[in-house]
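Examining the three-dimensional arrangement
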Amino acid sequence: MPLHRFIPFGRAAIASAVLATTALAQTTEPSSDLADMGLEDLMNVEVTTVSRRPEPIRHAPAAITVIGRDDFQHSGLQTLPELLRLVPGMQVKRFNAARWVVTSRANFRGLFADDLLVQFDGRSIYTPIFGGTQWDQHDYIIQDLERIEVIRGPGATLWGSNAVGGVINIVSKSAFNTQGTLVTSTIGNEFQGGGVRYGGMIDDETAYRIYTKYRNFWDFQTAGGDEAQDDWDMLQGGFRIDRRSGPNLLTLQGDIFSSRITTDSIYPSFAPPYVAREIVNSDVSGGNLLARWTHTISDGSAFSVQMYYDRFTRSTVPPEMEQNALDIDVQHRLKWDDHEFIWGGGLRWVGDAMEPDPQIKFDPQSEDVYISNLFVQDSFDLIPSTLRATLGTKFEYNTMVGLEIQPSARLTWTVDEHNSIWGAVSYAAKTPNRVEKDIILPLAVVPAPDGALVQAIGYGNDNIDSSHLLA
């Protein structure tokens, strides 16, 4: 039952041709079935994505939906993209066994939705190589997720460039809430998989969990009944450690994965019929490590520092590539009178390298992009308990495109305890990706009347600038 900004939606009835078994032991996690909550409790469910601080969903000035733990357990859905089908206003399209595209408000732009920012526990999983999220690189034990918050509409003031169509924030549970052993398995005619998680206590203030998960998707079927040559499998594992010590909360977590994806590649050829087809296996692997420290100063005031490193490689399917990212983010929020003030900044480095290939090339073959940002936002009452304003902006400098300023202004009118009306004016930018800028792509080989062969080649535009949205 995804919880919408104004209306709690009913639980969707979903038929699933799979057999699932779950064994759970020694858990200390309390039940939080949203279906058992009253209307007032539902509207007070806290979200963090809208304002980078906890606030009741009824006060959040955005088109936001929350998918909670009850939805994970009762939907029967097995992957993160499929769970997003529960969100009003989101579109999820599956191209083959391994490829999804997720977008907001029907803005499909090819295989990748390059204007939707996705993050996992504060770690951005948006890749600037293609622009968008490679969903086949991200998996998790669904029962260990706390919630998924989805904002439809610009969120660039707090989260930066590429949050044009919306922001998806996937939040996993604290290690304190995943104690004991969990075993899951799914067997079906298209998908098989399973996972094991174990959580325990290091001492009275420190909890941990470790997990591993495997999944396998068989080939889709073509219209003629043949195998589509798009099967894939993935093995992933990871850990999380949480420590509570007085006003301090420390988190250390990481994941590693390895995947094999079969691809049916079609590309131009100089031999008749001037189109070649090749079935190849693509090896994908990577990992990440994240550390976060949060210090609570007082009620309504806190300071946090977060750092993560992320890496992945994709080989065999042209072009072979790797990407590395290092990010540090600092945030401070404080409450003064009726003002709720939040500010912060960060630095990010993203480096990639492409192997030269006869089919697809990039010029340059490698690139380093540095991004620095500073943001500030203030929420305050114009009429106490009735009319509240939120003003903010983000200054972001990207070595690829220069300075971007992305402001927003929001107004919320609380009609009564169950109803509110909000409006916003936002400005957001989508930065160009490597494909748009630097790709050299053979498009076709065509025989000329004199017998010569003419090759059509597409080139990226290295002078391309960011695109902007005023909403």
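Residues numbered from 1 in each chain as written. Predicted model: local features only at pLDDT ≥ 70, side-chain atom pairs only at ≥ 80, totals over all residues. Heavy atoms only, no water.

Some thoughts on the overall build of the protein
Each helix and strand counted, the protein has five helices and 28 strands in total. Among the 471 residues that make up the protein, the fraction classed as buried is 50%. Long-range pairs, those at least 24 residues apart, make up 59% of the contacts in the protein between residues at least 6 apart in sequence. Only carbon and sulfur atoms are counted for the fraction: they give 58% of the accessible area of the protein, which is about 21200 Å². (Helix = DSSP H or I, 4+ residues; strand = E, 2+ residues; numbered from the N terminus. Buried < 20%, exposed > 50% of the residue type's maximum accessible area, 1.4 Å probe, protein only. Contact = heavy atoms within 4.5 Å. Areas by Shrake-Rupley, 256 points an atom, 1.4 Å probe, with all protein chains shown as cover.)

Points about the side chain of Gln137
Position of Gln137 relative to the elements: it lies in the loop between strand 9 (123-124) and strand 10 (145-152). In this structure Gln137 comes out as buried when scored by relative accessible area, which is 5%. Every residue in contact with Gln137, bar those within four places of it in the chain, is listed here: Met234, Gln236, Phe257, Val284, Phe312 and Arg314.

With respect to the packing of aromatic side chains
Counted according to the given criterion, the structure contains eight aromatic pairs. Where Phe191 meets Phe217, the ring centres are 4.7 Å apart and the plane angle is 35 degrees; that geometry is what we call tilted. Taken as a pair, Phe191 in strand 13 (residues 191-203) and Phe217 in strand 14 (residues 206-217) lie far apart in primary sequence, 26 residues in all. Grouping residues by exposure puts Phe191 and Phe217 together as buried. Ring geometry for Phe217 versus Trp232: centroids 5.1 Å apart, planes at 5 degrees, classification stacked. In this pair, Phe217 sits in strand 14 while Trp232 sits in strand 15 (residues 232-245), placing the two residues 15 residues apart along the sequence. Taken together, Trp100, Phe191, Phe217 and Trp232 form an aromatic cluster joined through their ring pairs. Over the ring of Phe176 we find Arg244; its NZ or CZ atom is 4.0 Å from the centre of that ring. (Phe/Tyr/Trp six-rings, centres within 6.5 Å; stacked < 30°, edge-to-face > 60°. Lys NZ or Arg CZ within 6 Å of the ring centre and 35° of its normal.)

Comments concerning the pairing of strand 10
Strand 10 sits mainly inside the fold: eight of its eight residues count as buried. Direction of pairing for strand 10 relative to strand 11 (residues 166-172): antiparallel, over a ladder of seven bridges. Along strand 11, the bridge assignment pairs Ile148 with Ile170. (Pairing = 2+ DSSP bridges.)

A word on the sheet that holds strand 27 (residues 453-459)
Taken in spatial order, the three strands make up an open sheet running 21-26-27, and their pairing is antiparallel. Looking along the sheet, the strands with just one partner apiece sit at the ends: strand 21 (361-362) and strand 27. Pairing between strand 26 (residues 439-447) and strand 27: seven bridges, direction antiparallel. Residue pairing for strand 27: Pro442 is matched across the bridge by Ile457.

Here we look at the pattern of salt bridges
Close approach of charged atoms allows side chains of opposite charge to pair. Under the criterion given, the structure shown has 27 salt bridges. The partner of Lys430 in a salt bridge is Asp114, and the shortest N-O contact between them spans 3.5 Å. Taken together, the residues span a long stretch of sequence, with Lys430 in strand 25 (residues 419-430) and Asp114 in the loop between strand 7 (100-104) and strand 8 (116-120) at a distance of 316 residues. When its relative accessible area of 5% is taken as the criterion, Asp114 is described as buried. (Salt bridge = Lys/Arg side-chain N within 4 Å of Asp/Glu carboxyl O.)

Digging into the side chain of Thr127
In this fold, Thr127 is placed in the loop between strand 9 and strand 10. By relative accessible area, which is 3% here, Thr127 ends up buried. At a separation of 2.9 Å, a polar atom in the side chain of Thr127 contacts the side chain of Gln323. When sequence neighbours within four positions are dropped, the list of residues in contact with Thr127 reads Gly132, Gln134, Phe312 and Gln323. (Polar contact = N/O pair within 3.5 Å; in protein donor to acceptor, adjacent residues only side chain to side chain.)

Considering the environment of Lys437
As for its position among the elements, Lys437 is in helix 5 (residues 434-438). Judged by relative accessible area, which is 9%, Lys437 ranks as buried. Measuring from C-alpha to C-alpha, the distance between Lys437 and Asp462 comes to 4.5 Å, with 25 residues separating the pair along the chain. With near-sequence residues (within four places) excluded, Lys437 lies in contact with Glu367, Met400, Pro432, Gly460, Asn461, Asp462 and Ile464. A polar contact of 3.2 Å, which involves the side chain of Lys437, links it to the side chain of Asp438.

Remarks on unusual backbone geometry
In this structure, the amide linkage connecting Pro272 to the following residue, Pro273, adopts the cis form with an omega of 5 degrees. Residue position: Pro273 is located in the loop between strand 16 (248-268) and strand 17 (275-298). A cis amide bond links Asp363 to the next residue, Pro364, at an omega of 10 degrees. Structurally, the position occupied by Pro364 is in the loop between strand 21 and strand 22 (366-383). Positive phi, close to 80 degrees, is recorded for Asn162, a residue that is not glycine. In this structure, Asn162 sits in the loop between helix 4 (156-159) and strand 11. With relative accessibility at 7%, the residue Asn162 sits in the buried group. With a phi angle near 55 degrees, Asp337 is a residue other than glycine that sits in the positive phi range. By the secondary structure assignment, Asp337 is in the loop between strand 19 (321-336) and strand 20 (339-354). Here Asp337 falls in the exposed class, since its relative accessible area comes to 67%.

Concerning the nonpolar core
A general feature of soluble globular proteins is that nonpolar side chains tend to end up buried together. Membership of the largest hydrophobic core comes to 43 residues, with the highest contact counts inside it found for Leu84, Ile148 and Ile168. Apart from residues lying up to four places away in sequence, Ile148 is in contact with Thr65, Val66, Ile67, Phe72, Leu83, Leu84, Ile168, Asn169 and Ile170. Among the nonpolar cores identified, the runner-up in size contains 16 residues, and Ala60, Ile64, Leu158 and Trp159 belong to it. (Core = buried A, V, L, I, M, F, W, Y, C linked by side-chain atoms within 4.5 Å.)

Notes on the pairing of strand 13
Where strand 12 (residues 180-188) and strand 13 come together, eight bridges link them in antiparallel fashion. Bridged to Thr184 within strand 13 is Gly195. The turn linking strand 12 back onto strand 13 is made up of two residues. A loop of two residues connects strand 13 with strand 14, the two strands running antiparallel in sequence.

Some details on a nonpolar patch on the surface
On the surface, a nonpolar cluster with roughly 590 Å² of combined accessible area is contributed by Trp343, Leu374, Phe395, Tyr397, Leu403 and Ile405. Elements with a contribution of two residues or more to the nonpolar patch: strand 23 (387-398) and strand 24 (402-416). (Patch = residues over 30% accessible without salt bridge, like charges linked within 9 Å, V, L, I, M, F, W, Y side chains within 5 Å.)

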